[in-house]
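Below, each chain spelled out in residue letters.
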Amino acid sequence: MQPIASQPSGQTSVGGCHCNPPAAALLLLLCLGFPTSVAVCPPYCLCASDIISCSGLNLSKLPSGLPSYATRLDLSHNALTALSTDWIPQQFHRLATLVLSRNSINQIEANAFNATPHLLHLDLSSNRITVLNVSLFTGLKELKELLLFDNQIVQINPGALDDLHSLQRLYLSGNKLKAFPLGLYWEPGGPRNLTFLDLSYNRLTKLPVQSLLSLTRQGRIYLQENPLVCDCALLALLEYWLWKQYRPLVDFRGEYPCREDSGPGPTCNQQGVSDMPLESQTYQEEPGKWLRVPCPGLGSSAQEDLVVFWLTPRTVVNSSTDDPSAHLIVLPNGTLEIRGALVEDSGTYGCVAARQRHYDPYTSFEVNVVVGNVSTASAIGSVRRSGTEHFNTAFTTLASCVVSIVLVLLYLYLTPCRCRESRGGSRGCGGRAIILCSDPREVESGQQWSNGKRVAFLEPQAEDSNIGSPKTPAVNLDHSTIEGILKNGSRTVGQSPIDPDHMA
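Keep in mind that what you see is a predicted model, and the values were worked out from it rather than measured.

Some details on the overall build of the chain
Here is step 1: When its secondary structure is counted, the chain shows 11 helices and 25 strands.
Here is step 2: When contacts within the chain are restricted to residue pairs at least 6 apart in sequence, long-range pairs at least 24 apart make up 62% of them.
Here is step 3: A total of about 28400 Å² of accessible surface is found on the chain, and carbon and sulfur atoms cover 54% of it.

What follows is the structure, given as structure tokens:
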């Protein structure tokens, strides 16, 4: 029995070789291509796989030596005050989420996020930001979500969101904005598909009602708990949203002005409002002629100077428009006048006015307009009103055709029929003849088509088949025959069901 040599602390001996675990780990990292400086987690930070958390450490600057392969970096609850151009000393090409909430950030320089070009989520909430300057988020072309709530933002300068082409969700709740930031939607360098905007708990008093009617067709805008002035335009907007069951209003109905329990509302010339049930109507006219469409719920004696908005298939117009040459005009009594009607004007029109009615889901604020031939105009209007639905229907039809073809191919190639008795008696399946059956509906109903045709693919008999059975030659189908089978659904070889013995 040989004595065991003592080993230094932290080392082991395997097969006579001395191993040091830290050195082995270092060697493994080098082999994998990770530099030692990248793989080390900064003191007091937590590193788990590609997630790094340096939260709650009272940091005034970014820790050095952060692993650059991180996809999530949490720097919340620290003492950061400014984000300069070089506040991140190295590139983080894999970083998708950056959390900077609960700091004291009051200054962000241009190009401050150049080192993180692939960010998807940026959290700057609960800081001290007051103004969003130009080129603040330059380089973040892939950013989808930006959190800026609970700051002190009073102004959003033009171009502040340049490069944020992919931005979908923007949170600006709990700031000090006094004007609705319409530039977020129409500035050429800004977001192109902003579908969620939270402006609640700001200081907005007036809203661009006509623009909101257009913007809220494709996205959600939250405006609760703002000191909005309850005028006739706002009342019309809220009534229309309630009838449409617009979620940002329905979910926070008690936090908007003009509520039914908030006392007397504005006087909006109610003499012309009809108490008759609102029903959807259709108006038809020939191309080139003028067409007048009354607003549902407003009687013929409606007073002038009503605040009325019309949502057309292509735009939104209101009663304050004063352009004699315009194609669409809203008359003082709320009636929409279409001058020189076009076939493209066909579609669904919604009239937004302050009717001061209780919510009734069975009423309708919309009418149908048909210009020209009913079938043609209806088709054009249907495409415009429900383009997505039409696309979905076409896609579903195409998918159904593909699935049907796949099922037919599976049925043809993977579902053999039972071997039928031949003229000379039962042979079983020794000939390995795969005879394709008729339509499955024939099998279920016990009926067959009158022509009785079948398609057969016969393979040479294997060597280990029934030895006493005669060999069965193969039927060679050329490319055109096979292609005809796939196109026509059935192709006949011969004039009657194929008999293997006869073919042999």
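Re the sheet that holds strand S5 (residues 72-74)
Here is step 1: Across the sheet, which stays open at both edges, the 9 strands sit in the order S3-S4-S5-S7-S9-S11-S13-S14-S15 with mixed pairing between neighbours. Among the strands making up the open sheet, the edge pair consists of strand S3 (46-48) and strand S15 (220-222). Between one strand axis and the next, the sheet turns by 5° as a mean value, whatever way the strands run.
Here is step 2: As judged from the 3 bridges shared by strand S14 (residues 196-198) and S15, these two strands associate in the parallel manner. Each residue of the ladder has a partner; that of Asp 198, found in S15, is Tyr 222.

Re the environment of Arg 220
Here is step 1: Position of Arg 220 among the secondary structure elements: in strand S15.
Here is step 2: Overall, the relative accessible area of 37% leaves Arg 220 in the partly exposed class.
Here is step 3: Through-space distance from the C-alpha of Arg 220 to that of Tyr 246 is 8.2 Å; in sequence the pair is 26 residues apart.
Here is step 4: Those residues in contact with Arg 220 that sit more than four places away from it in its chain are Thr 195, Phe 196, Leu 197, Tyr 246, Arg 247 and Pro 248.

So, how was this worked out
- Residues numbered from 1 in each chain as written.
- Predicted model: local features only at pLDDT ≥ 70, side-chain atom pairs only at ≥ 80, totals over all residues.
- Heavy atoms only, no water.
- Helix = DSSP H or I, 4+ residues; strand = E, 2+ residues; numbered from the N terminus.
- Contact = heavy atoms within 4.5 Å.
- Areas by Shrake-Rupley, 256 points an atom, 1.4 Å probe, with all protein chains shown as cover.
- Pairing = 2+ DSSP bridges.
- Axes fitted to C-alpha atoms, helices over the stretch in contact; angles between N-to-C directions.
- Buried < 20%, exposed > 50% of the residue type's maximum accessible area, 1.4 Å probe, protein only.

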